[in-house]
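A structural walkthrough
What follows is each chain in one-letter form.
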Amino acid sequence: MRTLYVSDLDGTLLRSDEATSAYTNAVINRLTGEGMIFSYATARSLVTAKKVTKGLDAKIPLIVYNGAFVMDNVTEQILISNYFEKDVAEVFQDLFQNQVYPIVYSYIGGVEKFSFIPQNCTKGMVDFLRMRKGDKRTRSVETTDALTEGRCFYITCIGQPEKLEPLYEKYKAQFHCVYQRDIYTNAQWLEIMPRAASKANAVVQLKELLGCDRVVAFGDGKNDLDLFEAADEGYAVANAVDELKAIATGVISSNQEDGVARWLEQHFEGAC
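Here, residues in each chain are numbered from 1, in the same order as that chain's written sequence. With pLDDT at 70 or above as the cut-off, local features in this predicted model cover only qualifying residues; side-chain atom pairs require 80 or more to be listed or tallied, and sums for whole chains, interfaces and linings still use all residues. Think of the side-chain values as coming from all heavy atoms in the structure, minus any hydrogens and water.

So, the nonpolar core
The following threshold applies: For the purposes of this section, nonpolar cores are sets of buried Ala, Val, Leu, Ile, Met, Phe, Trp, Tyr and Cys residues that join through side-chain atoms within 4.5 Å. Relative accessibility thresholds used throughout: buried, under 20% of the residue-type maximum; exposed, over 50%; partly exposed, between the two (1.4 Å probe, protein chains only). Contacts were defined at the residue level, with two residues in contact if any of their heavy atoms lie within 4.5 Å.
Counting residues in hydrophobic clusters, the biggest one holds 69 residues, and the most contacted among them are Y5, F153, F218 and L264. In this structure, L264 is in contact with Y5, I28, L31, M36, F38 and F218, ignoring residues within four places of it in sequence. Counting 23 residues, the second-largest nonpolar core is a separate cluster that includes F96, V100, L147 and F175.

Right, dumping it as structure tokens:
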């Protein structure tokens, strides 16, 4: 029986310094060398995910942008994609009317970019952009028309809960929305994606693509709830939110204690 092991990154596989530890890298690299089929599912882009997991020798497709894309880690080719349709125009209009000017991820002329209006950035957005200084995807624009150019697949709003929560409530049934605080900065985020873009959908597609029979997942946050629902087994790290622990198969050691790697080392038997 072939098992696909899938882990969330931030707060799960990564420690609080936003990196995989030497121990985690060594364990996963050794086990994948023995035949373990391992991937990760993250809200991060492939660019930032590869930076924080640079010690891992992952050579299979990875789930990024909360399931908007499944991408080949070696060639960086998009294998599965989910883009917004024309109905996203209503979302943008609503955001702008409420003075919310998000970071917008799109393909423009076949090139991935994230666009923002500098003069409308919140403190949380400034902090986010500072961490990505020098990123080749960066695109500073001056107008909302320019902000919405291209083929959009992901919208990130960072700001005041009193502005973002009503928008979450309005659109959560129409789109895939994640409303939570960033685990590193405590800033309030609202992420809006196409309805088909989810970790759950992506892991089912990846399972089929790799010819696996079952999925074992690991996570810590609310955006891992659907991942656990799509998995045969789901393990929450000790630092996970209560909602995830409530539906988990079990609770394992925290991300700071390399909980995922320790579980894999104890339970993987060299056959999947």
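So much for the structure itself; the text now carries on.
A look at the packing of helix α2 (residues 22-33) against helix α11 (residues 259-267)
Geometrically, a packed helix pair is captured by the angle between its two axes and the distance between the axes. Using the following cut-off: Orientation is described by axes fitted as lines to C-alpha atoms, over the contacting stretch for helices, and by angles from 0 to 180 degrees between their N-to-C directions. Elements are defined by DSSP. Helices are runs of H or I of four residues or more, strands are runs of E of two residues or more, and each kind is numbered from the N terminus. We call a crossing left-handed when the near helix sits turned anticlockwise from the far one by less than a right angle, and right-handed when that turn is clockwise. Three classes are used, and their members are as follows: Ala, Val, Leu, Ile, Met, Phe, Trp, Tyr, Cys and Pro are nonpolar, Asp, Glu, Lys and Arg are charged, and the others, Gly among them, are polar.
Two numbers describe how α2 lies on α11: the axes approach to 9 Å, and their chain directions differ by 35 degrees. In this structure, α2 meets α11 at a crossing whose hand is left-handed. Counted together, Y23, T24, V27, I28, R30 and L31 of α2 and A261, R262, L264 and E265 of α11 form the full contact between these two elements. Taken together, the residues of the contact of α2 with α11 break down into six nonpolar, one polar and three charged.

Observations concerning the sheet that holds strand β4 (residues 69-71)
Selection criterion: DSSP calls a pair of strands paired once it identifies at least 2 bridges connecting them.
Spatially, β3-β4-β5 is the arrangement adopted by the three strands of the open sheet, whose pairing is antiparallel. Strand pairing shows two members of the sheet lacking a second neighbour, β3 (62-64) and β5 (78-81), which therefore form its edges. Neighbour-to-neighbour, the strand axes of this sheet turn through a mean angle of 25 degrees, independent of strand direction. Relative to β5, β4 runs antiparallel, the two sharing three bridges. Residue M71 lies in a different strand from β5, and its bridge partner there is I78.

Regarding the pairing of strand β12 (residues 214-219)
Using the following cut-off: With the strands pointing away from the viewer, any crossover whose connection runs clockwise from the first strand over the helix to the second is right-handed.
Within β12, six of the six residues are buried, which leaves it mostly tucked inside the rest of the structure. Taking every second residue as pointing to the same face, both faces of β12 are buried, with R214, V216 and F218 on one and V215, A217 and G219 on the other. As paired elements, strand β1 (residues 3-7) and β12 share five bridges and run parallel to each other. Within β12, the position partnered with T3 by the bridge is R214. One ladder, built from four bridges, connects β12 with strand β13 (residues 233-237); its direction is parallel. Paired with F218 across the bridge in β13 is Y235. Handedness of the crossover joining β12 and β13 through helix α9 (residues 225-230): right-handed.

Focus on α2
What sets the pattern is the α-helix's 3.6 residues per turn: residues three or four places apart point alike. To be explicit about the condition: An expected span of 1.5 Å times one less than the residue number is assigned to each helix.
Under the 1.5 Å per step criterion, the end-to-end length of α2 is 16 Å for 12 residues, consistent within 8% with the ideal 16 Å. Three or more residues of α2 are buried, namely T24, N25, V27, I28 and L31. Those residues of α2 that are buried are in contact with α1 (9-13), β2 (37-40) and α11.

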